[in-house]
Amino acid sequence: MKYLFLFTASLLFLGCAAPKLISSWKSPEADDYQVYKVLVVGMTQDEEVRTAFETRLRDALRSKGFEAEKSMELFDKAFTASEKTEADLDQVEQNLLAQGFDAILLTKIIGSENRETFRQRISNIDNLYTQFSNDYLSNQNVYYDSDYYETFKIYTAETSLYCICLEKERALIWRGNINVAEPVKLEKTIDSYIKVIQDTMQKEEILF
């Protein structure tokens, strides 16, 4: 039985305006993948945000018939407190496969209009990470860089679905970029963000 590993991340999903999709990408081979089990992981230093986002997205997936779990149940604070190597991430994927997971959906903040690095990232927004380990390794400073969000006002979050199926090459299936405004209400913005993910994926016939 195939399963989905949904890896979410790096979210200060608190906003005045509703989250808005700015781009999405779907693999030409997306229809060849079947996913069932979901692990939701938030790449953020804020434990409140991570807990709220993972719980809500897990529940949304379960309501659609997927077997879903939160990353906080597998990755403790000690795991995210230090840098990981490619070998570490390969072991993570092997452990997930042994537990029946078959894909990864990773969400993270990639920048803001008020940060120089954001402009650099947006200029390269079409450069896709094609494997979960590369994506995680390139963005893991989200967990321990205290200045990561310092000047952000408009956040751009990225959600990526990766396959870790035994029968298929481990690759990117889908990716969406969504703008989120400056923090105001946690629960409302998380729910709005998840709705954007659901609506977009449903329209593009991914998961929902």
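Residues numbered from 1 in each chain as written. Predicted model: local features only at pLDDT ≥ 70, side-chain atom pairs only at ≥ 80, totals over all residues. Heavy atoms only, no water.

A. Focus on unusual backbone geometry. Backbone geometry places Glu205, a non-glycine residue, at a positive phi of 60°. Inspection of the secondary structure puts Glu205 in the segment after α6 (186–203). On the basis of relative accessible area, Glu205 is assigned to the exposed category, the value being 62%. (Helix = DSSP H or I, 4+ residues; strand = E, 2+ residues; numbered from the N terminus. Buried < 20%, exposed > 50% of the residue type's maximum accessible area, 1.4 Å probe, protein only.)

B. Representation of the side chain of Glu93. Assignment of secondary structure puts Glu93 in helix α3 (residues 86–98). Since its relative accessible area comes to 5%, Glu93 is described here as buried.

C. Up close: the nonpolar core. In terms of nonpolar packing, the biggest core is built from 36 residues, with Leu61, Leu161, Ile173, Tyr193, Met201, Ile206 and Leu207 touching the most fellow members. Those elements giving two or more residues to this core turn out to be β2 (37–40), α1 (47–63), β4 (103–112), β5 (155–163), β6 (172–180) and α6. Take this core: its biggest share by element is 7 residues, from α6. One finds Phe101, Tyr136, Ile164 and Leu172 within the second-largest nonpolar core, a separate group that totals 17 residues. (Core = buried A, V, L, I, M, F, W, Y, C linked by side-chain atoms within 4.5 Å.)

D. Fine view of α1. The end-to-end C-alpha separation of α1 is 24 Å, in line with the 24 Å expected for 17 residues at 1.5 Å each. Here α1 has its buried residues at Val49, Arg50, Ala52, Phe53, Glu54, Leu57, Arg58, Ala60 and Leu61. Backbone nitrogen of Glu48 and a side-chain oxygen of the N-cap are separated by 3.0 Å at the start of α1; the cap is Asp46. Downstream of α1 by one or two residues, Gly65 has phi in the positive range, about 100°. (Expected span 1.5 Å × (residues − 1). Polar contact = N/O pair within 3.5 Å; in protein donor to acceptor, adjacent residues only side chain to side chain.)

E. How the structure looks around the packing of aromatic side chains. On inspection of all chains with the given rule, the structure shows 1 aromatic pair. Their ring planes at 65° and their centres at 6.0 Å tell us that Phe53 and Tyr193 sit as a pair that is edge-to-face. Here Phe53, found in helix α1, pairs with Tyr193, found in helix α6; they are 140 residues apart in sequence, far enough to count as distant. The buried category is assigned to Tyr193, whose relative accessible area is 0%. Positioned above the aromatic ring of Phe101, the side-chain terminus of Lys37 is 4.2 Å from the ring centre. (Phe/Tyr/Trp six-rings, centres within 6.5 Å; stacked < 30°, edge-to-face > 60°. Lys NZ or Arg CZ within 6 Å of the ring centre and 35° of its normal.)

F. Seen up close, the pattern of salt bridges. One pass over the full model with this rule turns up 10 salt bridges. Between Lys195 and Asp199 there is a salt bridge, with its nearest N and O atoms 2.7 Å apart. Of this pair, Lys195 and Asp199 both sit in helix α6, 4 residues apart, which is roughly one turn of that helix. Among the residues examined, Lys195 registers a relative accessible area of 48% and is labelled partly exposed. Sharing partners across several salt bridges, the network here consists of Arg58, Asp59 and Glu73. (Salt bridge = Lys/Arg side-chain N within 4 Å of Asp/Glu carboxyl O.)

G. Representation of the environment of Val180 within the structure. With respect to the element layout, Val180 can be found in strand β6. Here the alpha-carbon distance between Val180 and Thr156, two residues 24 residues apart in the chain, equals 6.1 Å.

H. Structural detail: the packing of α1 against α6. Running from N to C, α1 and α6 point in directions that differ by 40°, and their axes come no closer than 10 Å. One way to sum up the angle between α1 and α6 is to call them oblique. Handedness of the α1/α6 crossing: right-handed. Across the interface between the two elements, Glu48, Val49, Ala52, Phe53, Arg56, Leu57 and Ala60 of α1 pack against Leu186, Glu187, Ile190, Asp191, Tyr193, Ile194 and Gln198 of α6. Split into classes, the residues belonging to the contact of α1 with α6 amount to 9 nonpolar, 1 polar and 4 charged. (Axes fitted to C-alpha atoms, helices over the stretch in contact; angles between N-to-C directions. Parallel < 35°, antiparallel > 145°, perpendicular 65-115°, else oblique. Left-handed = near helix turned anticlockwise from the far one by under 90°. Contact = heavy atoms within 4.5 Å. Nonpolar A, V, L, I, M, F, W, Y, C, P; charged D, E, K, R; others polar.)

I. Up close: the confidence of the model for the chain. For the chain, mean pLDDT is 77; residues scoring 70 or higher make up 73% of the total. Mean pLDDT in the chain bottoms out at helix α4 (residues 116–123), which sits at 47, and peaks at strand β1 (residues 20–26), which reaches 91. Note that residues 1–16 has pLDDT below 50 and, in this model, 128 contacts with residues that lie over four places away or in other chains. Taken together, the stretch residues 115–120 has pLDDT below 50 and engages in 11 contacts with residues farther than four places along the chain or on a different chain. (pLDDT = per-residue confidence, 0-100.)

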